[in-house]
Amino acid sequence: GICCGIILCLASNFQQFGIKYTTVGKAGFITACYIIIVPVIGIFLRKKCSPFIWIAVILSLCGLYLLCLTPGEGFAIGKGELLVLVCAFLFSIHILVIDHFSPKVDGVKMSCIQFLVCGLLSGIAMLFAEQPQLSAVLLAWKPIAYAGIMSCGVGYTLQIVGQKGMDPTIASLILSLESCISVLAGWLLLGQTLSIREGLGCVAMFAAIILAQLPAKES
């Protein structure tokens, strides 16, 4: 829980600082690059991936490109992109740490310790870097409550419980669907336009998840 909390704190803060200096689309695409970083790191940890999973990773990366980046948008590497790239690497470590510890401990307790450590570290940093005001917090209590309870509390707890006994690369592929789901939710709930390009990206990502579930032939 302490290891996960430290990594989650660093990853989240690198992402938020990075978004200040780059576009949301680029940040989303680079962050989701953990789908390729996880299996690469896994090679050094002797975690083998089947050919189906490698093809699924590449297909999912193509889908993310269609979803996150607009046609003709340049992709120069600047300060923001580098910060988000560090975030992607840290989220990859986070997935692998959960993969290592989740079968050995109670998932809910591990999650609670993770949030406590992450909250304490971020809170201490806030006191030095910002000037928090209670009135401002009260004005934004709804999005703060949703982010804290649903996005972080429920989401990351289910990740820890769900990753127990699961291949970390497949877990990273499923987690990358957040980009796909956000586009579909905007279309269904907010009436936003879903372009053909974004639709193809969603199809590619769902196909990648299905492909990753296919059993590899035993040698």
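Each value, and the rule that gives it
- Throughout this description, residue numbers start from 1 for each chain and increase along the sequence as written.
- Restriction of local features to residues with pLDDT of at least 70 applies here, the model being predicted, together with a cutoff of 80 or more for giving and counting side-chain atom pairs; totals for whole chains, interfaces and linings are based on all residues.
- Neither water nor hydrogens contribute to the side-chain values; these are computed over all heavy atoms in the structure.
- Secondary structure follows DSSP: runs of H or I at least 4 residues long count as helices, runs of E at least 2 residues long count as strands, and numbering of each begins at the N terminus.
- A radius of gyration in this sense is built from C-alpha atoms; the matching globule rule multiplies 2.2 Å by the number of residues raised to 0.38.
- Burial here depends on accessible area, computed with a 1.4 Å probe over protein chains only, as a share of the maximum for the residue type. Under 20% is buried, over 50% is exposed, and the range in between is partly exposed.
- Helix axes use the C-alpha atoms of the stretch in contact, all axes being lines fitted to C-alpha atoms, and the angles between their N-to-C directions lie in the range 0 to 180 degrees.
- What sets the label is the angle itself: under 35 degrees gives roughly parallel, over 145 gives roughly antiparallel, 65 to 115 gives roughly perpendicular, and the rest give oblique.
- It only takes one pair of heavy atoms within 4.5 Å for two residues to be counted as in contact.
- Classes in brief: Ala, Val, Leu, Ile, Met, Phe, Trp, Tyr, Cys and Pro nonpolar; Asp, Glu, Lys and Arg charged; the others, Gly included, polar.
- The patch calculation keeps residues exceeding 30% relative accessible area without a salt bridge and links them within 9 Å when they carry like charges or within 5 Å when they are nonpolar (Val, Leu, Ile, Met, Phe, Trp, Tyr).
- Only the protein chains shown count as cover for residues, and all accessible areas are computed by the Shrake-Rupley method using a 1.4 Å probe.
- The working definition used for a salt bridge is a side-chain nitrogen of Lys or Arg within 4 Å of a carboxyl oxygen of Asp or Glu.
- Between the first and last residue of a helix there are one fewer steps than residues, each counted as 1.5 Å, and that sum is the expected span.
- The set of buried Ala, Val, Leu, Ile, Met, Phe, Trp, Tyr and Cys residues whose side-chain atoms join them within 4.5 Å is what this entry labels a nonpolar core.

K.L.:
Tell me about the overall build of the chain, and please be specific about residues and values.
P.N.:
Helices and strands together make up the secondary structure of the chain, namely 11 helices and 0 strands. For the chain, the succession of helices and strands along the chain, N to C, is α-α-α-α-α-α-α-α-α-α-α. Computed over the C-alpha atoms, the radius of gyration of the chain is 18 Å, within 12% of the 17 Å expected from 2.2 N^0.38 for a compact globule of 219 residues. Based on the C-alpha atoms only, the size of the chain along its principal axes is roughly 60 × 45 × 35 Å.

K.L.:
Now, about the environment of V108: what can you tell me, with residues and values included?
P.N.:
Note on placement: V108 falls in helix α6 (residues 107–129). By relative accessible area, V108 is classed as partly exposed at 47%. Taking the C-alpha atoms as reference points, V108 and L189, separated by 81 residues in sequence, lie 31 Å from one another.

K.L.:
Residue-level account of the packing of helix α3 (residues 34–44) against helix α9 (residues 168–175), with values.
P.N.:
Remark: α3 packs on α9, axes separated minimally by 9 Å, with the N-to-C direction vectors making an angle of 175°. On the basis of their axis angle, the class for α3 and α9 is roughly antiparallel. Of α9, the residues touching α3 (which contributes Y34, I35, V38 and P39) are P168, T169, S172, L173 and L175. A per-class count over the contact of α3 with α9 returns 7 nonpolar, 2 polar and no charged.

K.L.:
Got a sec to walk through a nonpolar patch on the surface? Specific residues and values, please.
P.N.:
Together, I2, I6, L10, I113 and L121 give the surface a local cluster of nonpolar side chains, amounting to about 410 Å² of exposed area. Secondary structure elements with two or more residues in the nonpolar patch: α1 (2–19) and α6. Counting residues per element, the nonpolar patch draws most heavily on α1, at 3 residues. Mapped onto the elements, I113 comes out in helix α6. For I113, a relative accessible area of 39% translates into the label partly exposed.

K.L.:
Any chance you could break down the environment of F29 for me, citing the residues and the numbers?
P.N.:
Along the polypeptide, F29 turns up in helix α2 (residues 24–31). Considering only alpha carbons, one finds F29 and L66, 37 residues apart in sequence, at a separation of 9.5 Å.

K.L.:
Explain helix α10 (residues 177–189) to me, and be specific about the residues and the numbers.
P.N.:
For an α-helix, 3.6 residues make a turn, and residues three or four places apart therefore share a direction. For α10, with 13 residues, the first-to-last C-alpha span of 17 Å sits near the 18 Å given by 1.5 Å per residue. Along α10, the residues classified as buried are L177, S179, C180, V183 and G186. Positive phi appears at G191, one or two residues downstream of α10, with a value of about 70°.

K.L.:
Tell me about the environment of C118, residues and numbers included.
P.N.:
Turning to its location among the elements, C118 is positioned in helix α6. With relative accessibility at 13%, the residue C118 sits in the buried group. Along the backbone, C118 and C9 are 109 residues apart, and their C-alpha atoms lie at a distance of 4.9 Å. With sequence-adjacent residues up to four places away left out, C118 is seen in contact with G5, L8 and C9.

K.L.:
Tell me what's going on with the nonpolar core, and back it up with residues and numbers.
P.N.:
Ranked by size, the top nonpolar core spans 44 residues in total, and within it Y34, L64, L67, F91, L173, C180 and M205 carry the most contacts. Among the elements that line this core, the one with the most residues is helix α5 (residues 79–101), at 9 residues.

What is shown is where atoms sit, not what they do.
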